[in-house]
Amino acid sequence: MEIKRDNYLNKLIRKEKNGLIKVITGLRRAGKSYLLFNIYYNYLVDKGVKRSHIIDIALDDRANKELRNPDNMLKFVKDKILDDELYYILLDEVQYMDEFEEVLNSLMHIKNVDIYVTGSNSKFLSSDVITEFRGRGDEIHVYPLSFSEFTSAYEGSIEEAWDEYYNYGGMPLILSQKTEEEKEEYLKSLFEKVYLSDILERHKKIKNRIELDEVLDILSSAIGSLTNPLKLSNTFKSEKNKIISDKTISRYIEYFEDSFLINKTKRYDIKGKKYINSPYKYYFEDIGLRNARLNFRQTEENHVMENIIYNELKIRGYNVDIGVVNVYDTDKNGKTVLKNYEVDFIATQGSKKYYIQSAFSITNTDKLKQENNSLVNINDSFKKIIVVKDNIKPRRDDSGITTIGIYNFLLDENSLNL
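The structure reproduced in this document is the subject of the present report. (Residues numbered from 1 in each chain as written. Predicted model: local features only at pLDDT ≥ 70, side-chain atom pairs only at ≥ 80, totals over all residues. Heavy atoms only, no water.)

**Brief notes about the overall build of the protein chain**
Here comes step 1: Scanning the protein chain from N- to C-terminus turns up 15 helices and 13 strands.
Here comes step 2: In terms of C-alpha radius of gyration, the protein chain reaches 23 Å, essentially the compact-globule figure of 22 Å for 418 residues.
Here comes step 3: Based on the C-alpha atoms only, the size of the protein chain along its principal axes is roughly 85 × 50 × 45 Å.
Here comes step 4: Burial status across the protein chain gives 52% buried among its 418 residues.
Here comes step 5: The long-range fraction of contacts in the protein chain, counting pairs at least 24 apart against all pairs at least 6 apart in sequence, stands at 66%.
Here comes step 6: Accessible surface computed for the protein chain: about 20,200 Å², of which carbon and sulfur atoms make up 44%.
Here comes step 7: Each charge sign in the protein chain was given a centre, from 63 positive and 67 negative side chains, and these centres are 4 Å apart. (Helix = DSSP H or I, 4+ residues; strand = E, 2+ residues; numbered from the N terminus. Rg over C-alpha atoms; globule rule 2.2 N^0.38 Å. Buried < 20%, exposed > 50% of the residue type's maximum accessible area, 1.4 Å probe, protein only. Contact = heavy atoms within 4.5 Å. Areas by Shrake-Rupley, 256 points an atom, 1.4 Å probe, with all protein chains shown as cover. Lys, Arg positive; Asp, Glu negative; His and termini not counted. Charge placed at Lys NZ, Arg CZ, Asp CG, Glu CD.)

**Points about the side chain of T227**
Here comes step 1: Residue position: T227 is located in the loop between α9 (209-221) and α10 (229-239).
Here comes step 2: The exposure class assigned to T227 is buried, which follows from its relative accessible area of 6%.
Here comes step 3: Not counting the four nearest positions on each side in its chain, T227 is found in contact with L232, P279, Y280 and Y282.

**Concerning the pattern of salt bridges**
Pairing between side chains of opposite charge can happen when the charged atoms of each approach one another.
Here comes step 1: Tallying each qualifying case throughout the model produces 22 salt bridges.
Here comes step 2: Between K47 and E16 there is a salt bridge, with the nearest N and O atoms lying 2.5 Å from each other. A residue pair is termed long-range when its members are at least 10 positions apart, and K47 in the loop between α2 (32-46) and β2 (54-58) and E16 in the loop between α1 (6-15) and β1 (21-25) qualify at 31 residues.
Here comes step 3: Residue class for K47 comes out partly exposed when judged on its relative accessible area of 40%.
Here comes step 4: Accessibility expressed as a relative area gives 11% for E16, which makes it buried.
Here comes step 5: Taking the shortest distance from any N to any O, the salt bridge between E93 and K32 comes out at 3.9 Å. Note that E93 is positioned in the loop between β3 (87-92) and α4 (100-107) and K32 in helix α2, a separation of 61 residues in sequence.
Here comes step 6: A residue is classified by how much of its surface remains accessible, and K32, at 3% relative accessible area, is buried.
Here comes step 7: Here the salt bridges do not stand alone but share partners, grouping R28, K32, D60, E93 and D198 into one network. (Salt bridge = Lys/Arg side-chain N within 4 Å of Asp/Glu carboxyl O.)

**Examining the pairing of strand β13 (residues 401-405)**
Here comes step 1: Within β13, five of the five residues are buried, leaving the element largely enclosed by the surrounding structure.
Here comes step 2: With burial as the criterion, each face of β13 is covered, one bearing I401, T403 and G405 and the other bearing T402 and I404.
Here comes step 3: Relative to β13, strand β11 (residues 383-388) runs parallel, the two sharing five bridges. In the sheet register, I385 faces β13, and the bridge partner there is T402.
Here comes step 4: In this structure, strand β12 (residues 395-396) lies alongside β13, joined through two bridges in antiparallel fashion. Opposite R396, over in β13, you have T402 as the bridge partner.
Here comes step 5: The antiparallel hairpin formed by β12 and β13 contains four residues in its connecting segment, where G400 sits at a positive phi of about 85°. (Pairing = 2+ DSSP bridges.)

**Structural notes on the sheet that holds strand β9 (residues 336-349)**
Here comes step 1: Read from one edge of the open sheet, eight strands run β7-β6-β8-β9-β10-β11-β13-β12, paired in mixed fashion. Only two strands of the sheet have a single partner each, and these edge strands are β7 (274-284) and β12.

**Examining the packing of aromatic side chains**
For any pair of aromatic rings, geometry is given as the distance between the ring centres together with the angle between the planes.
Here comes step 1: Enumeration according to the criterion identifies 18 aromatic pairs in this entry.
Here comes step 2: For the ring pair F191 and Y195, a centre distance of 6.2 Å and an interplane angle of 85° mean the geometry is edge-to-face. One end of the pair is F191 and the other is Y195, both in helix α8 (residues 180-202) and four residues apart, which spans about a single turn. Both residues of the pair, F191 and Y195, belong to the buried class.
Here comes step 3: Feature note: the residues F147, F150, Y154, W162, Y165, Y166 and Y407 constitute an aromatic cluster, connected by ring pairs.
Here comes step 4: The side chain of K22 reaches across the aromatic face of Y116, ending 4.9 Å from its centre.
Here comes step 5: Here R316 stacks its cationic end above the ring of F409, 5.1 Å away from the centre of that ring. (Phe/Tyr/Trp six-rings, centres within 6.5 Å; stacked < 30°, edge-to-face > 60°. Lys NZ or Arg CZ within 6 Å of the ring centre and 35° of its normal.)

**Looking at the sheet that holds β2**
Here comes step 1: Spatial ordering of the open sheet is given by β2-β3-β4-β1-β5, a layout of five strands whose pairing is parallel. The open sheet terminates on both sides in strands that have one partner only, identified here as β2 and β5 (137-141). Taken over all neighbouring pairs, the strand axes of this sheet differ in orientation by 15° on average, direction set aside.
Here comes step 2: Relative to β3, β2 runs parallel, the two sharing five bridges. (Axes fitted to C-alpha atoms, helices over the stretch in contact; angles between N-to-C directions.)

**Quick notes on a negative patch on the surface**
Here comes step 1: A cluster of acidic residues, D71, D98, E99 and E102, forms a negative patch at the surface.
Here comes step 2: Examined against the element boundaries, E102 turns out to sit in helix α4.
Here comes step 3: The exposure class of E102 is exposed, given its relative accessible area of 53%. (Patch = residues over 30% accessible without salt bridge, like charges linked within 9 Å, V, L, I, M, F, W, Y side chains within 5 Å.)

The structure is reproduced here in structure tokens:
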């Protein structure tokens, strides 16, 4: 079973031979290696590139351990380049190689090469590499399967696909697990033996594993809730009678972000046109991993749906913030009061901007008014959207607010413009 990932393949094709190092980042097991070594490799062969001119090395493979040595790697690659034709260098999990920045820098001096690397740590790749090469690194972030990609390979109805997706997420191999037990065990094992093991191996100064686990559990329980390290520190003190400094918590959160497990989202004052530094919201890059962390006990569909919408916007290439709308109103005593309304997401891409609310269900007019309050108080002409769980076609009300069902939103790549 091959899952087409045309979004990422097309990005690689557009960036081919652009003179930059293509840096492919993302969660481990999210499909980076398959994208590079299967989908892109086959594309190159199909368009006529000789296999001898594709140098592909998986550095997390024990068989390639000697190539983790920088000098061995450089010699190996240079020995493969036998003529002046273009060579494609594909290096998987490049962070396994010592001094990999220097190796990549040396490879950049070879005129007839096009370089592609993957890695599973943002500190090593999305920041350090691009900084190290001063504009010569070009990042492509690969996410777990979108709902559209998931359904393209899922055998069953759209409703059944949604039930599977919001429980078990979009890690590609989840589709090959047959039973609920197999899916749960796969995700739990992945979390413990891959992601947490990587963090502990990378950050040997972590002395208290229990603290790390507890911070992760709280973040897992609080997706879509406003929080920050100081607030979490106070929670530990008041509810668990434990003292964990906000600096320690901040460091743990940074480790989770570096491993692409979670993403931090800032708040933006829409009318004041400025960012609000704290608190933040955190979302999991794969909702199945989040659910596995909590032993599939807290799978409230409204919170999960919000996380899935957030991920979909990121997959489509949008910058995503949380919106805050401050409105002066009068209370029952006629006194002027300041009310704060929240917009779940502000999605921006170049000159495009969308305000989006995630509303699991709108059962009555009061609920509709609640969801509309923040949107109707935004005084600009950018599109305003409410995404609901109901399977409805897009419709627009007199205020210009579009309501769309979650399936249409996720399956139609142009859904923001319907």
